[in-house]
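Structural characterization, general
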Amino acid sequence: MATAADILFGRLVLQGSLLARRQLDACMAQLGDRPLPKVLVSLQMLDMPTAQRLARIVAQRQFLRAELVFGQLLIRSNLVSRVALREAFEIQKKGGSRERLAKILYDCRLLSKQQIESIIDAQLLELAEESARTLAQGFEPTAPRPRKIPATLVNQRPPSVEA
């Protein structure tokens, strides 16, 4: 059964003109419980270095998407300012994107653990819905629809910062 990562991987394969759509569809029918990159390598339709490179791109995009959704939820919840979020993204970028945005904001005392947990709950729901849309769309992506912030997160205040 295909996963959202398989669909995203397939989109990259098509965008790079590495396979024709009908070839990719035939491979998708052979997935079973194996990920698409492994199927394509086993069928010698992609070499291992290319499959690994594309899989890294998919993983990187999924990580960045999760961080972006987390940031959007923070802004919509009025938990951090756009300026503070931008600064946190800069810190993350300078660190090679190894540290999660939530940890950076927690370390800066801009978010409490409880607020982070609430945002992560909302983030997981949004990412699950996005994955379901990705699976439904298949290899033909459409524009994402805007999301409403859960009422439980609206107007939560950041923790007080001691001087």
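Residues numbered from 1 in each chain as written. Predicted model: local features only at pLDDT ≥ 70, side-chain atom pairs only at ≥ 80, totals over all residues. Heavy atoms only, no water.

1. Looking at the overall build of the protein
A count of helical and extended segments in the protein gives 7 helices and 0 strands. The order of α-helices and β-strands along the protein, N terminus first, is α-α-α-α-α-α-α. Here the protein holds 163 residues, and 34% of them are scored as buried. Put simply, 70% of the contacts in the protein that link residues at least 6 apart link residues at least 24 apart. For the protein, the accessible surface area stands at approximately 10200 Å², while carbon and sulfur atoms represent 56% of it. (Helix = DSSP H or I, 4+ residues; strand = E, 2+ residues; numbered from the N terminus. Buried < 20%, exposed > 50% of the residue type's maximum accessible area, 1.4 Å probe, protein only. Contact = heavy atoms within 4.5 Å. Areas by Shrake-Rupley, 256 points an atom, 1.4 Å probe, with all protein chains shown as cover.)

2. Looking at the environment of Ala128
Topologically, Ala128 is positioned in helix α7 (residues 113–137). Under the relative-accessibility criterion, Ala128 is labelled partly exposed at 47%.

3. Comments concerning unusual backbone geometry
A positive phi is found at Ser17, a non-glycine position, where the angle reads about 55°. By the element assignment, Ser17 lies in the loop between α1 (4–15) and α2 (21–28). Among the residues examined, Ser17 registers a relative accessible area of 62% and is labelled exposed.

4. Structural notes on the pattern of salt bridges
Following the criterion strictly, the structure yields 5 salt bridges and no others. Between Arg21 and Asp25 there is a salt bridge, and its shortest N-O distance comes to 3.1 Å. Taken together, the residues span about one helical turn, with Arg21 and Asp25 both in helix α2 at a distance of 4 residues. Arg21 sits in the partly exposed class, given a relative accessible area of 35%. Among the salt bridges present, the one from Glu99 reaches Lys103, with a minimum N-O distance of 3.4 Å. Connected via shared salt-bridge partners are Glu99, Lys103 and Asp107. (Salt bridge = Lys/Arg side-chain N within 4 Å of Asp/Glu carboxyl O.)

5. Describing the nonpolar core
Counting 20 residues, the largest nonpolar core has Phe70, Leu74, Val80, Leu85, Leu105 and Leu111 as its most contacted members. Element by element, the count of residues in this core is highest for helix α4 (residues 48–76), at 6 residues. (Core = buried A, V, L, I, M, F, W, Y, C linked by side-chain atoms within 4.5 Å.)

6. Focus on the packing of α1 against α4
For the pair α1 and α4, the least separation of the axes is 10 Å and the interaxial angle reads 120°. In terms of axis orientation, α1 runs oblique to α4. For the crossing formed where α1 meets α4, the hand is right-handed. Contacts between α1 and α4 involve Ala5, Leu8, Phe9, Leu12, Val13 and Gln15 on the former and, on the latter, Ala51, Leu54, Ala55, Ile57, Val58, Arg61 and Gln62. (Axes fitted to C-alpha atoms, helices over the stretch in contact; angles between N-to-C directions. Parallel < 35°, antiparallel > 145°, perpendicular 65-115°, else oblique. Left-handed = near helix turned anticlockwise from the far one by under 90°.)

7. Here's the deal with helix α5 (residues 82–94)
Residues three or four positions apart in an α-helix share a direction because the helix packs 3.6 residues into each turn. Between its terminal C-alpha atoms α5 stretches 18 Å, which fits the 18 Å expected from 13 residues at 1.5 Å a residue. Of the positions making up α5, those classed as buried are Ala84, Leu85, Ala88 and Gln92. Relative to the axis of α5, the buried residues are bounded by an arc of 100° and lie together on one face. Those residues of α5 that are exposed and aimed more than 90 degrees away from the buried face are Arg82, Arg86, Lys93 and Lys94. Buried residues belonging to α5 abut α4 and α6 (101–107). Just downstream of α5 lies Gly96, where phi reads positive at about 75°. (Expected span 1.5 Å × (residues − 1). Arc of directions from axis to C-beta.)

8. Here's the deal with the environment of Ala2
Considering the arrangement of structural elements, one finds Ala2 in the segment before α1. Not counting residues up to four positions away in its chain, the partners in contact with Ala2 are Met28, Leu31 and Leu135.

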